[in-house]
Structures are given as structure tokens and as C-alpha cells.
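Breakdown of the fold
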Amino acid sequence: MMRKTLTVLAIGLSLAAAGAGAALAQSAAAKAAVDAGKAAGIVGEQADGFLGIVAGGDAALRASVAEINTGRAGAYKDIAAKTGVTPEAAGQATAKQLYSRLAPGQYWKPLDGGWMRK
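Model, not experiment: these values are computed from the prediction.

Turning next to the packing of helix α2 (residues 28-39) against helix α3 (residues 59-83). One way to put it is that α2 packs onto α3 with a least axis distance of 9 Å and a crossing angle of 115°. Taken together, the axes of α2 and α3 lie roughly perpendicular to each other. By crossing handedness, the relation of α2 to α3 is classed as left-handed. Residue-level contacts link Ala30, Lys31, Ala33, Val34 and Gly37 of α2 to Leu61, Ser64, Val65, Glu67 and Ile68 of α3. Taken together, the residues that form the contact of α2 with α3 break down as six nonpolar, two polar and two charged.

The following block contains the structure:
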């Protein structure tokens with residue numbers, strides 16, 4: 001099990017290092033909207049590997065979050081199929097890498113808690 005976890009972490013790190021753009025099938029517009037939402041404290045990263053709305057956000061921003069989350073779900077399924085772990089485990093492993101890249105002041109939501117600022 002530890003070996004699978006390390007494999008998933010390595011794949012998650014690879015996705016994070018590559019910017020996760022093409023691998024997660026997101027448009028440049030969605031990425032720009034989400035990046036602006038993160039900087040404004042409206043969008044945050046979650047420990048399950050998905051984005052979430054911290055507070056507010058218009059329909060366009062919510063659609064961008066949904067677009068990126070759909071791409072991430074597909075990537076986590078692919079990782080799971082290649083490594084033998086669950087998509088949830090793949091998402092959580094990738095989330096650890098995404099958390100390390102959050103800028104100070106951006107939001108993070110642990111699995112068992114509410115939103116907190118980094």
C-alpha cells in the first residue's frame with residue numbers, strides 16, 4: 001500500500017510540476033478565472049483534490065471551477081487505473097502537492113474541516 005501511495009504522489013507531483021493544465025483538460029479562460037478567484041479569496045483548494053468556492057462567486061466563476069474539477073476527476077480516474085488506487089486516493093495525493101503551491105493568504109479546506117487561510 002505504501003508503494004502505491006508513493007506512486008500516486010509521484011504522479012501527482014508530475015501533474016503539479018507540469019502546471020496540470022493540459023493534463024486536466026482546462027481552458028486558459030477557466031484557469032485565469034480560477035487563478036483570479038484564488039487571489040481574491042473566492043476559490044480555494046480542497047484536500048480531496050478539487051477546487052471549491054469559499055464564498056460568493058458569479059456563475060461564470062462557478063462554471064470555471066466545475067470545468068477544472070471535471071478535468072481533475074478524469075485525471076484522478078486515469079491515475080487510479082494506472083496505479084491501482086482509488087480515484088479518491090489519487091485526488092488526495094495530488095491535493096498535497098497543490099497545497100504546497102498555494103500562495104500565502106489563499107484558501108485550503110482539509111477533509112475534516114472548514115476553509116482556512118494558508
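The next subject is the sheet that holds strand β1 (residues 43-46). Here we have four strands laid out as an open sheet, ordered β2-β1-β3-β4, and mixed in their pairing. Of all the strands in the sheet, just β2 (51-53) and β4 (116-117) have a single pairing partner and so form its edges. Judged from the two bridges that link them, strand β3 (residues 107-109) and β4 form a sheet pairing that is antiparallel. By the bridge assignment for β4, Trp108 is matched with Met116. Its contacts with the sheet place α2 against β1 and β2, and it is angled at close to 95° to β1.

Another aspect to go through is the nonpolar core. Ala30, Val34, Val43, Leu51, Leu61, Val65 and Ile68 form the largest nonpolar core, which has seven residues in total. Put simply, the parts of the chain that give this core at least two residues each are α2 and α3. The element that contributes the greatest number of residues to this core is α3, accounting for three residues. Grouped together as the second largest cluster of nonpolar side chains are five residues, Tyr76, Ile79, Ala90 and Leu98 included.

The rules behind these values
- Residues numbered from 1 in each chain as written.
- Predicted model: local features only at pLDDT ≥ 70, side-chain atom pairs only at ≥ 80, totals over all residues.
- Heavy atoms only, no water.
- Axes fitted to C-alpha atoms, helices over the stretch in contact; angles between N-to-C directions.
- Helix = DSSP H or I, 4+ residues; strand = E, 2+ residues; numbered from the N terminus.
- Parallel < 35°, antiparallel > 145°, perpendicular 65-115°, else oblique.
- Left-handed = near helix turned anticlockwise from the far one by under 90°.
- Contact = heavy atoms within 4.5 Å.
- Nonpolar A, V, L, I, M, F, W, Y, C, P; charged D, E, K, R; others polar.
- Pairing = 2+ DSSP bridges.
- Core = buried A, V, L, I, M, F, W, Y, C linked by side-chain atoms within 4.5 Å.
- Buried < 20%, exposed > 50% of the residue type's maximum accessible area, 1.4 Å probe, protein only.

Interpretation in functional terms is not warranted from these geometric data alone.
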